[in-house]
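Fold and contact review
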Amino acid sequence: MAVAEAQLYAKVSNKPRGRSTPALLEPLLARGFPAHIAQKALVATGQKTIEDAVKWLHSHCNDPSLDDPIPQEYALYLCPRGRLHSRLQDFWKESKRQCGKNRAHEVFPHITLCDFFTCEDQKVELLYDILKQVGDRFSQSFPPSISLTLHASPSYLGFFVDDGQANVLKDFAVAFSSEASALADCHVKPSLKQFHLTLAHRFYPHHQKTLEQLAKGINPGEPCQWVAALYSRDMRFVHYQRLRALFQYKPQNIDELMIHAGDLIYVDPTQQSDASEGWVIGTSHRTGCRGFLPENYTEKAHESDTWVKHREYVFDTASRSFTKTEKESRVKPNGEAHNLSVSRNATNVLSLQNAALRRGVLVMCHGERVDQVFGKSWLQQCLTADGKYYRADLNFPSSLPRQKDSMKQFECDPPLSCCGIFQSRLIGEALLEQEVTVSYMYSSPALRCVQTAQHVLQGLKLNQKVRIRVEPGLFEWTKWEASRAIPNFMTVAELVEASYNIDTSYRGNFPLSSLVSSESYEDYVSRSSAVIKQIISACPSKGVILIVGHGSSLAPLSRALTGLPSRDSRDFAQMVRKIPSLGMCFCEEQKEENKWQMVNPPVKTLTHGANAAFNWRNIIMED
């Protein structure tokens, strides 16, 4: 048993048990469930319905912690509803799009009244009663509207509650904590800090200006109904990361975890030493089971996604405040009508118009490479006895370009598969449909990248107008080369002879001779930073600079361009494995020259399933 787990058990093992029998508990006892397990199921589902509890029990039938006496942790939050809540959610989405995720995105908009505390399962209903009683007592003194003032610092952005109203909230929190401590045997601490509603926290300092501008678009006087809500979380996983399953995974081995799309997974970053590369050890929130799962089947989830909402008390101040706040929210201080839906639509139109006048950088991973499908020995599968190439499968390219050296060079510099060619052309057609103006095309010297660039341009119908600039500095991290040597790439002359639309006048910023095998991560990041800066300075015209590189190219190029620090080398490989063929990211130049920010790519992602080799004789005719 881990030390942390032992400490949790010590906290709860000696507490006296209550004797109350909630109304929802009796039907579960009648079905034969033990009392402590039935109570755990009710608490885990917010004590809403018997059906929810029964479903939870069936899902957790193999949960090894089902008999553990560890209670949930609870917190009391004051949450906005109505138009203010909608504006805050809009801010959440837009700030995440423009500046990336920060700590505030982990939890929904709220003001903390009482921070997390533990309560035994059988005494949770007492908390519900206390919330209602204290809420009733403060319903008339609760402020008709809460005045919020924007506060900003290099690492924090949020609304502070004005002192007069904060005192009422503090009294409410103190009353709840006092009664919960006395009646439910809980050690509850009311929040005594200045009451605040966090908008952004622990963000990069250079994002402060953008976040402040977005925050100033929120009118804190919007009509709002405030709700005191009681939430719980599993105290065992407080410091764990949370992942959400994107796809179903069926275990192939006994130590693997069954997951369904949408499942939430707890992952302890400190306990991953036993996991193979590309895998993580996690515990399912849905079943309580633990095991290995493929990391690229998941995405990061928010902390509050695993929380359970129990009860809430709605402060009905509408009769005292609706008329006043409605007027204030519709009229700005200068008397101008305030219509956010119109202004938001106008902003979107202006954004699209401005985008056409700005430069953009679209960094793209190449399409499906042939060895990705058929393995490193793909070339041996399609060579005749006399060394001639033939198409052993329809996904092999119909032919290989001519190279002065032997065909063996393609083993280290593989081409696209036929599906990779189709993918690339499809992306080009999607960019054309979105009226994306590509002014420049850069490519890594790897054949798969040059081919991707060629077919994207064909999809864009620009193959006669925009030529491909082959830039050796865009080649992937050389440490990952299986041969431990720089591949012998096709020369510009050979690419031209093979009918690739190459800009023969372009001279790369990094000559091929400058690439060294097994370079350090720091050297690769430095090379990527230098090459993106040189590309930007060489492309002054408005429009999109399209760069076709590798999975390892996306983060170093885009982060260097937007001024973000490089990723930690320890998680770089895992991040790259999650980047699919034609995965892309898009950076847009801001009004200030040489200021860039990452925004949504102009086209959707391309998702498809695998299609395994099929031998009709072995499968259909087999008895």
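See above for the structure.
No experiment lies behind these values; they were computed from the predicted model shown.

**Regarding helix 4 (residues 50-59)**
- When we look at burial in helix 4, the residues that qualify are I50, A53, V54, W56 and L57. Buried residues in helix 4, looked at end-on, bunch into an arc of 160 degrees, giving them a common side. Away from its buried face by more than 90 degrees, helix 4 exposes E51, K55 and H58.

**Some thoughts on the pairing of strand 1 (residues 72-82)**
- For strand 1, the buried fraction is high: nine of the 11 residues fall into the buried class.
- Here strand 1 pairs with strand 6 (residues 224-234) via 11 bridges, running antiparallel. Bridging across to strand 6, G82 finds its partner in C224.
- Of the strand pairs in this sheet, strand 1 and strand 2 (residues 111-119) are connected by six bridges, and their pairing is antiparallel. Across the sheet, Y77 pairs through a bridge with T112, a residue of strand 2.

**With respect to the pattern of salt bridges**
- Following the criterion strictly, the structure yields 27 salt bridges and no others.
- The partner of R233 in a salt bridge is E73, with the nearest N and O atoms 2.9 Å apart. Of this pair, R233 sits in strand 6 while E73 sits in strand 1, and the two are 160 residues apart along the sequence. The same class applies to R233 as to E73, namely buried.
- Close ionic contact of R567 with D571 constitutes a salt bridge, the shortest N to O distance being 2.8 Å.

**Looking at the sheet that holds strand 17 (residues 584-589)**
- If you trace the six strands from one edge of the open sheet to the other, you get 15-14-16-13-17-18, paired in mixed fashion. The outermost strands of the open sheet, each flanked by one partner alone, are strand 15 (468-470) and strand 18 (596-599). Taking each pair of neighbouring strands and ignoring which way they run, the sheet shows an average axis angle of 25 degrees.
- Both strand 17 and strand 18 contribute to a ladder of four bridges, which runs antiparallel. Among the inter-strand pairings, E588 is bridged to a residue of strand 18, identified as Q597.
- The strands touched by helix 15 (residues 447-460) are strand 13 (359-365), strand 14 (438-443), strand 15 and strand 16 (543-549); relative to strand 14, the strand with the most contacts, the crossing angle is about 160 degrees.

**What about the sheet that holds strand 10 (residues 290-294)?**
- The five strands lie next to each other as 10-9-8-7-11, forming an open sheet whose pairing is antiparallel. Because the sheet does not close on itself, it has two edges, and the strands there are strand 10 and strand 11 (298-300). Pairs of neighbouring strands in the sheet enclose a mean axial angle of 45 degrees, with direction left out of account.
- With three bridges connecting them, strand 8 (residues 264-267) and strand 9 (residues 279-284) associate as antiparallel partners. For V267, the partnering residue across the bridge sits in strand 9 and is G282.

**With respect to the nonpolar core**
- If you look at the biggest cluster of nonpolar residues, it comprises 52 residues, and the most contacted ones within it are L78, L127, F176 and L199.
- Here L78 is in contact with H110, I111, L113, F142, I146, L169, W226, V227, A228 and F315, once residues within four sequence places are set aside.

**Points about the packing of aromatic side chains**
- One pass over the structure, following the stated rule, counts 29 aromatic pairs.
- Ring geometry for F116 versus W307: centroids 5.3 Å apart, planes at 75 degrees, classification edge-to-face. One end of the pair, F116, is in strand 2; the other, W307, is in the loop between strand 11 and strand 12 (308-314), and 191 residues separate them in sequence.
- For W307, a relative accessible area of 9% corresponds to the buried category.
- With 5.0 Å between their ring centres and 75 degrees between their planes, F475 and F489 make a pair best called edge-to-face.

**Overview of the side chain of Q272**
- By the element assignment, Q272 lies in the loop between strand 8 and strand 9.
- Polar side-chain contacts of Q272 include one of 2.9 Å to the backbone oxygen of D268.
- A distance of 2.7 Å separates a polar side-chain atom of Q272 from the backbone nitrogen of I281.
- When sequence neighbours within four positions are dropped, the list of residues in contact with Q272 reads V267, W279, V280 and I281.

About the cut-offs
- Residues numbered from 1 in each chain as written.
- Predicted model: local features only at pLDDT ≥ 70, side-chain atom pairs only at ≥ 80, totals over all residues.
- Heavy atoms only, no water.
- Buried < 20%, exposed > 50% of the residue type's maximum accessible area, 1.4 Å probe, protein only.
- Helix = DSSP H or I, 4+ residues; strand = E, 2+ residues; numbered from the N terminus.
- Arc of directions from axis to C-beta.
- Pairing = 2+ DSSP bridges.
- Salt bridge = Lys/Arg side-chain N within 4 Å of Asp/Glu carboxyl O.
- Axes fitted to C-alpha atoms, helices over the stretch in contact; angles between N-to-C directions.
- Contact = heavy atoms within 4.5 Å.
- Core = buried A, V, L, I, M, F, W, Y, C linked by side-chain atoms within 4.5 Å.
- Phe/Tyr/Trp six-rings, centres within 6.5 Å; stacked < 30°, edge-to-face > 60°.
- Polar contact = N/O pair within 3.5 Å; in protein donor to acceptor, adjacent residues only side chain to side chain.

None of this, on its own, says anything about what the molecule does.
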